[in-house]
Each structure stands twice: as C-alpha cells, then as structure tokens.
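# Coordinate inspection notes
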Amino acid sequence: MATPKKISDADLIAHIEATIPDFHAARLASLNDLKLRELLRTKNPYLYRAKNILLASELVQVFLSATLSSQEEGIFGTFLERLAIFVAQKVWNGRKSAIKGIDLELEREGTLHIVTIKSGPDWGNDSQIAKMRDYFRTAARTLITNSQPRPLVCVNGCCYGRSGSENKGDYLKLCGQSFWEFISGDPELYRRIIKPIGYHAQERNDEFSLAFAKVINQFTKELLSDFCNADGSIDWDRLLAFNSGRPVPKKSKV
C-alpha cells in the first residue's frame, strides 16, 4: 500500500515555474498563427450585426477575443493536467496512464484509482460523458486482467468548480478543492497552487498584449480594405457572403 508523502511548496513552485512558460508560449503562438479570414469564417456574423458593432477594430477585437478564449481553455487545461499528474506522482507514486482515455493511475488506501482529468465540471455533453464511461469500463477490464485483483475506482477529476453530487454510480466526480485534496491528501492544495501560477504573469502578459495589439491593427487594416465600404462602414453583405454564401462554381476550362 502506497504511503502518502507531503508535497512541499518548493516542489510545487519548481514544477509550475518550469511548465507555466509552455502555456504562455502556446498562447502567443496561437495568436500569431491566426488569419483574419479564418476568424471571419468561424464566427457568427448575425450575432455581431445584432450587437450593432460599427468600428472595424471593435469587430476584429471581439472575433479575436472569442477565439482566443476557447483556445486558452484547452492550452491551460494541459498545464493543469500536467500539474495534477506531478502532484499524484510525488504524493502517491501515481503515474501518467498509457491507457486510452485515462490520464492518471494512482493507488491509495489499497484501492487503484483511474482518473480522467478535465479543466472544469461542465466539460462535456451526454455523448462525451458516455464515451468517458466507455473508457473507464475498458480500462478497468484491462487493469483487472493484467494485475492482481484489487478494488478499483473510476474518477472524473475537474481542476476547478464544484459538483452537486460526487457519486455518479459507476464513477466519482471530484471538482476543485475535492480533486486537489484527493490527489495530494491536502485540503489546502487548491489554494497553494494559485500564488506560484501568478509569478511573472505581468511580464508574460505584457508580451502577449503587445502582440495582440499588433494583430488587431493588422487585421483591422485588412478588414477595412476587403470588407468595408468606401466611406469606412462595415460592408455586412460582403462579410456575410464570405462567411455563409455558397461558393461560386469554378468555370470549366474549354
């Protein structure tokens, strides 16, 4: 039976300082990889017309912000998953799972736990949750076949938020404080990690803000040139045709 070890602040700070730059670098790369026409194709022009957006720069900014927000959730989710696995390794000798759909395996108090890690509690629809249950069943069969019989518990761990009911019948859903306490044995761990995550955040976000401003200016210039009228107003008909109109058939070569 694994004996839990206390994880030190020094260990947490060292790991976070080593891995948080990956989040900021991926976030910056995601911004720099964007193209205006990709944004215009993926956003809902009716929504922004209903909001009576008149400035080309404002339209670009809301398109960019909406896109980057969804991308950042995924990027930061990867950082939190790595942190959770690191903590479980330190405390319970847990390990990153090689089984499809499972992120972490750890044994505590004589019970093997297989864990899928998500950022927050509202991460999936019914079909995605059903798929997670399938992963749990397949992983449980694999582990039972390949090792000595022992109790096994499936866990959906969420790095932030709360769950109304933790017991979902065939798995546990542990969110926020409950999840971090489960992998560390420390009810205060969810508080302990927030401070080092913020170290050097100001300078890293200053770099991002500078790049963001450059992209806003570049995209605004393109929008004014290609999707605005001669008087500077946004040409919603042209923008809508680009976003939703049927492609013009290519003329066949004679």
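Please refer to the structure placed before this passage.
Below or above, wherever it landed, is the structure these notes cover. (Residues numbered from 1 in each chain as written. Predicted model: local features only at pLDDT ≥ 70, side-chain atom pairs only at ≥ 80, totals over all residues. Heavy atoms only, no water.)

### Concerning the overall build of the protein
For the record, the criterion: Secondary structure elements follow DSSP: runs of H or I no shorter than four residues count as helices, runs of E no shorter than two count as strands, and numbering proceeds from the N terminus. Our radius of gyration is a C-alpha quantity, and the globule rule it is checked against amounts to 2.2 Å times the number of residues to the power 0.38. Only protein chains enter the accessibility calculation, which uses a 1.4 Å probe. A residue is then buried if its area is under 20% of the maximum for its type, exposed if over 50%, and partly exposed in between. By the convention used here, residues are in contact when the closest approach between their heavy atoms is within 4.5 Å. Lys and Arg are tallied as positive, Asp and Glu as negative. Neither His nor the chain termini are counted. To locate a charge, take NZ of a lysine, CZ of an arginine, CG of an aspartate or CD of a glutamate.
Of regular secondary structure, the protein possesses 10 helices and 5 strands. Expected size for 254 residues packed as a compact globule is a radius of gyration near 18 Å; at 24 Å, the protein overshoots this value by more than 25%. When its C-alpha atoms are laid out on the principal axes, the protein stretches across 75 × 45 × 40 Å. Here the protein holds 254 residues, and the buried ones make up 41% of them. Relative to all contacts within the protein whose residues are 6 or more apart in sequence, the contacts with residues 24 or more apart total 67%. Counting 35 positive and 30 negative side-chain charges, the protein places the averaged centre of each group 6 Å from the other.

### Structural notes on helix α1 (residues 9-33)
Our working definition: One less than the number of residues in a helix, times 1.5 Å, gives the span that helix is expected to have. Fitting axes to the seven residues ending at a residue and to the seven starting there, one defines the bend at that residue as the angle between these axes.
Look at α1: 36 Å from first C-alpha to last across 25 residues, which is about the 36 Å you get at 1.5 Å a residue. Its axis deflected by about 30 degrees at Glu 17, α1 carries its strongest bend there, up to four residues before the proline Pro 21. Buried-residue contacts for α1 involve α4 (56-92), α7 (189-192), α8 (194-197) and α9 (201-226).

### Quick word on the nonpolar core
For soluble globular proteins, nonpolar side chains are generally found buried alongside one another. Here is the rule we go by: Here, the term nonpolar core denotes a set of buried Ala, Val, Leu, Ile, Met, Phe, Trp, Tyr and Cys residues that are joined through side-chain atoms within 4.5 Å.
Ranked by size, the top nonpolar core spans 30 residues in total, and within it Val 87, Leu 104, Ile 117, Phe 179, Trp 180, Phe 182 and Ile 183 carry the most contacts. Elements represented by at least two residues in this core include exactly α1, α4, β2 (104-108), β3 (111-118) and α6 (177-184). Top contributing element to this core by residue count: α4, with 11 residues. Setting aside anything within four residues of it in sequence, one finds Val 87 in contact with Ile 7, Leu 12, Ile 183, Ser 184 and Leu 189. With 26 residues, the next largest nonpolar core counts Leu 28, Leu 59, Val 60 and Leu 223 among its residues.

### Section: the sheet that holds strand β1 (residues 95-96)
The line we're drawing: Two strands qualify as a pair provided DSSP detects at least 2 bridges between them. Here an angle of 0 to 180 degrees is reported between the N-to-C directions of two axes, which are lines fitted to C-alpha atoms, with helices fitted over the stretch in contact.
Here we have 5 strands laid out as an open sheet, ordered β1-β2-β3-β4-β5, and mixed in their pairing. Looking at which strands have only one partner, the edges of the open sheet turn out to be β1 and β5 (172-175). Judged from the 5 bridges that link them, β2 and β3 form a sheet pairing that is antiparallel. Across the sheet, residue Leu 106 finds its bridge partner in β3, namely His 113. With respect to the sheet, α4 is in contact with β1, β2 and β3, its orientation differing from that of β2 by roughly 30 degrees. Set on the sheet, α6 makes contact with β2, β3, β4 (152-158) and β5; between it and β5 the angle comes to about 105 degrees.

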